[in-house]
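Reading the structure
The chain contents come next:
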Amino acid sequence: VDTANAPIFGIDMDGNVNEWNNKTAEITGFTKEEALNRPLVTTFIMPKLRRSVQEVMDNALQGNETSNYELEFWTKSNETRYLLVNATTRRGEDNNVVGVVGVAQDVTESKKHDRAVAA
């Protein structure tokens, strides 16, 4: 997970970060140590999307997963990174839900290109 080429992050049942791989750290500028145990939505998601991202996370915590959901991550250098995310329910050995894992694709460059073409 740590060395995967895709951004992978996870939250616990309280919405706090408990997984933050190297690619997520590279994209956001926040190290794993800086991200762990912080609330994902209020710390790293752009304010205008917090409610909808919280909904996706809450749904995944109840076993209803979401695919190809676009969100905007706030970086340490005050930039926006656009990520296409699959929010997957994480289950423990007893099959009870223990959190959510997001496996993402950074679509920032194509988003910038689309905006430039539209302008």
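Located above this text is the structure these notes cover.
Structural notes, computed from the coordinates. (Residues numbered from 1 in each chain as written. Predicted model: local features only at pLDDT ≥ 70, side-chain atom pairs only at ≥ 80, totals over all residues. Heavy atoms only, no water.)

**Comments concerning helix 4 (residues 50-61)**
Taking 1.5 Å per residue as the helical rise, helix 4 with its twelve residues ought to reach 16 Å, and the 16 Å between its terminal C-alpha atoms agrees with that figure. Of the residues making up helix 4, those classed as buried are Val53, Val56, Met57, Ala60 and Leu61. Seen end-on, helix 4 carries its buried residues on one side only, within an arc spanning 140°. Buried residues in helix 4 make contact with strand 1 (8-12), helix 3 (40-44), strand 3 (66-74), strand 4 (80-91) and strand 5 (97-106). Positive phi shows up at Gly63, right after helix 4, with a value of about 95°. (Helix = DSSP H or I, 4+ residues; strand = E, 2+ residues; numbered from the N terminus. Expected span 1.5 Å × (residues − 1). Buried < 20%, exposed > 50% of the residue type's maximum accessible area, 1.4 Å probe, protein only. Arc of directions from axis to C-beta. Contact = heavy atoms within 4.5 Å.)

**Things to note about the packing of aromatic side chains**
All told, the structure shown has five aromatic pairs when counted by the stated rule. Relative to Phe44, the ring of Phe30 lies with its centre 5.0 Å away and its plane at 75°, an arrangement referred to as edge-to-face. In this pair, Phe30 sits in the loop between helix 1 (22-28) and helix 2 (32-35) while Phe44 sits in helix 3, placing the two residues 14 residues apart along the sequence. Accessibility expressed as a relative area gives 13% for Phe30, which makes it buried. On the accessibility criterion, Phe44 (0% relative accessible area) is buried. Taken together, the ring pairs connect Phe9, Trp20, Phe30, Phe44 and Phe73 into an aromatic cluster. Lys111 extends its terminal NZ or CZ atom over the ring of Tyr82, reaching a point 5.5 Å from the ring centre. (Phe/Tyr/Trp six-rings, centres within 6.5 Å; stacked < 30°, edge-to-face > 60°. Lys NZ or Arg CZ within 6 Å of the ring centre and 35° of its normal.)

**Here we look at the pattern of salt bridges**
For the structure shown, the criterion picks out seven salt bridges. Where Glu26 meets Lys23, a salt bridge forms, and the shortest distance between an N and an O atom there is 3.3 Å. Of the two residues, Glu26 and Lys23 are both situated in helix 1; the distance of three residues between them amounts to about one turn of the helix. With its nearest N and O atoms 2.9 Å apart, the salt bridge here joins Glu70 to Lys111. Taken as a pair, Glu70 in strand 3 and Lys111 in helix 5 (residues 108-118) lie far apart in primary sequence, 41 residues in all. Judged by relative accessible area, Lys111 falls into the partly exposed class, the value being 22%. (Salt bridge = Lys/Arg side-chain N within 4 Å of Asp/Glu carboxyl O.)

**Description of unusual backbone geometry**
In this structure, Asn78 takes a positive phi of about 60° despite not being glycine. Tracing the chain through its elements places Asn78 in the loop between strand 3 and strand 4. A relative accessible area of 53% places Asn78 in the exposed class.

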